[in-house]
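Next come the chains, spelled out residue by residue.
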Amino acid sequence: MDDQTWMAERFEAHRHRLEQVAGRLLGSGSEAGDAVQEAWLRFSRSDLQAVENLGGWLTTVVARICLDMLRARRSRREEPEADTGAVVERVVPPVDPEQDARTADAVGIALMVVLDRLAPAERVAFVLHDLFDIPFEDIARIVDRSPVAARQLASRARRRVQGAGRNADPELGSDRRLVEAFLAASRQGDLAGLLAILDPDVAYRADAAAMKLGSPPEARGAEAVAALFKGRAQAATPVFIDGSLGIRVAPHGRLLLVIRPTIVEGRIVDLEVVADRATLAGLTLDELPG
């Protein structure tokens, strides 16, 4: 048996589950087929000697492909027309309507409608955990968050799914007030105010691009993190980042970096600073409602 045949057989053993994962993440049988095919292409080019859990590895690959597809789909929904600046919605017809109909039956039309309202990272975290029981440690690597943040994404998505049609999530309003208070304390140099908002064991970390801008790579503890933010945040505003509450730093209107806080029980427990241009380009930033 040649290597290609051996790899094909190993991949086929996992194809059904991969199609299930992609179908529920994307809500489209035709797009799910594309995602699985892309996963096969990546699998066929990979060195798998170090892979201990092939099923988990393939699931991670498919989930990341689906996350990219969801982000691309969302960015296509609203694009300004070159001449008028009007917002138009682009609808791409499915490649296989019958296959998409079968996927809708399997997932449930009502659930698909609600899932389409979630931000991509929320959708991925919720579907992978609640429908496929994938641990948050694994989901965190897929959505590029901490395990605590991945849990928060799934929790918020779950509340939105369960509360579809109800009033806005009260916890979101509370978190928004907390982030706004954090930014106000930062701008005013209010050290006591920052300490009141930060968890005593809060963790701060920055990516390599943020470090080049002068951010330290990491810090731990409320006093150390409060000292970093004291007197800063002059160009920072709260926004939704992939459906979760975050902070955009855009001096003179130019996006410089984002800060992704994780809030647990009314305290900020984690702050992640992202300035990498490729990563920023893949994020969905939405204004908060007035």
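Residues numbered from 1 in each chain as written. Predicted model: local features only at pLDDT ≥ 70, side-chain atom pairs only at ≥ 80, totals over all residues. Heavy atoms only, no water.

1. A look at the overall build of the chain
Looking only at helices and strands, the chain has 13 helices and nine strands in total. Relative to its 290 residues, the chain shows a buried fraction of 44%. Excluding contacts between residues fewer than 6 apart, the proportion of contacts in the chain whose partners are at least 24 apart in sequence is 62%. Carbon and sulfur atoms make up 51% of the accessible area of the chain, which totals about 15300 Å². (Helix = DSSP H or I, 4+ residues; strand = E, 2+ residues; numbered from the N terminus. Buried < 20%, exposed > 50% of the residue type's maximum accessible area, 1.4 Å probe, protein only. Contact = heavy atoms within 4.5 Å. Areas by Shrake-Rupley, 256 points an atom, 1.4 Å probe, with all protein chains shown as cover.)

2. As for the nonpolar core
Taken as a class, soluble globular proteins show a tendency for nonpolar side chains to be buried jointly. If you look at the biggest cluster of nonpolar residues, it comprises 44 residues, and the most contacted ones within it are F11, L25, F43, V124, L128, I139 and V143. Every element with two or more residues in this core is listed here: α1 (3–26), α2 (29–44), α3 (54–77), α5 (109–115), α6 (120–131), α7 (136–143) and α8 (147–162). Examining the composition of this core, we find that nine residues originate from one element, α3, more than from any other. Excluding its chain neighbours within four sequence positions, the residues that come into contact with V124 are L25, L67, L70, I142 and V143. Ranked by size, the runner-up nonpolar core spans 31 residues in total, among them A210, A233, L245 and L271. (Core = buried A, V, L, I, M, F, W, Y, C linked by side-chain atoms within 4.5 Å.)

3. Observations regarding unusual backbone geometry
One non-glycine residue, A233, adopts positive backbone phi at about 65°. Assignment of secondary structure puts A233 in the loop between α12 (222–229) and β5 (236–241). Of note, H252 is a non-glycine position whose phi angle comes to about 60°, a positive value. Along the polypeptide, H252 turns up in the loop between β6 (244–249) and β7 (257–264). By relative accessible area, H252 is classed as exposed at 87%.

4. Observations regarding the pairing of β7
For β7, a buried count of seven out of eight residues is recorded, marking the element as mostly surrounded by other parts of the structure. Here β6 runs beside β7; their pairing, made up of three bridges, is antiparallel. Along β7, the bridge assignment pairs V249 with L257. The pairing of β7 with strand β8 (residues 267–274) spans seven bridges and is classified as antiparallel. Its bridge partner lying in β8, P261 is registered against L271. Counting the residues in the hairpin turn of β7 and β8 gives two residues, including E265, whose phi is positive at 55°. (Pairing = 2+ DSSP bridges.)

5. Here we look at the packing of α6 against α8
Look at α6 against α8: their axes get within 8 Å of each other, and the N-to-C directions meet at 90°. By the angle between their directions, the pair α6 and α8 is classed as roughly perpendicular. On α8, the residues that touch A121, E122, A125, F126, H129 and D130 of α6 are A150, L153, A154, R156, A157, R158, R160 and V161. Considered class by class, the residues forming the contact of α6 with α8 number eight nonpolar, one polar and five charged. (Axes fitted to C-alpha atoms, helices over the stretch in contact; angles between N-to-C directions. Parallel < 35°, antiparallel > 145°, perpendicular 65-115°, else oblique. Nonpolar A, V, L, I, M, F, W, Y, C, P; charged D, E, K, R; others polar.)

6. Brief notes about the pattern of salt bridges
As enumerated under the stated definition, the model contains 15 salt bridges in all. Because the salt bridges share partners, they merge into one network encompassing D144, R205, R260, D270 and E272. (Salt bridge = Lys/Arg side-chain N within 4 Å of Asp/Glu carboxyl O.)

7. Some points on the side chain of D207
One can find D207 in the loop between β3 (198–206) and α11 (208–212). The charged side chain of D207 is buried without a salt bridge, its nearest counter-charge being R260 at 7.9 Å. Side-chain polar atoms of D207 contact the backbone nitrogen of A275, separated by 2.9 Å. Non-local contacts of D207, meaning those with residues more than four positions away in its chain, are made with V273, V274, A275 and D276. (Lys, Arg positive; Asp, Glu negative; His and termini not counted. Polar contact = N/O pair within 3.5 Å; in protein donor to acceptor, adjacent residues only side chain to side chain.)

8. Quick look at the pairing of β6
Most of β6 sits inside the fold, with six of its six residues counted as buried. Going residue by residue along β6, you find S244, G246 and R248 tucked away on one face and L245, I247 and V249 tucked away on the opposite face as well. Two strands pair when backbone bridges link them, and β5 and β6 are joined in this way by six bridges, in the antiparallel orientation. Within β6, the residue paired with T237 across the bridge is R248.

9. Let's talk about the packing of aromatic side chains
According to the stated counting rule, one finds six aromatic pairs in the structure shown. Centre to centre, the rings of W40 and F43 are 5.8 Å apart; their planes meet at 40°, and the pair counts as tilted. With W40 and F43 both in helix α2 and three residues apart, this pair spans about one turn of that helix. You can call W40 buried: its relative accessible area is 16%. Pairing Y204 with F229 gives two aromatic rings, centres 6.0 Å apart and planes at 75°, and the pair type is edge-to-face. With Y204 in strand β3 and F229 in helix α12, this residue pair connects regions lying 25 residues apart in the sequence. For Y204, a relative accessible area of 5% translates into the label buried. A residue is classified by how much of its surface remains accessible, and F229, at 9% relative accessible area, is buried. Here the aromatic cluster, defined as three or more aromatic residues joined through ring pairs, consists of F11, W40, F43 and W57. (Phe/Tyr/Trp six-rings, centres within 6.5 Å; stacked < 30°, edge-to-face > 60°.)

These results come straight from atomic positions and should not be treated as a statement about function.
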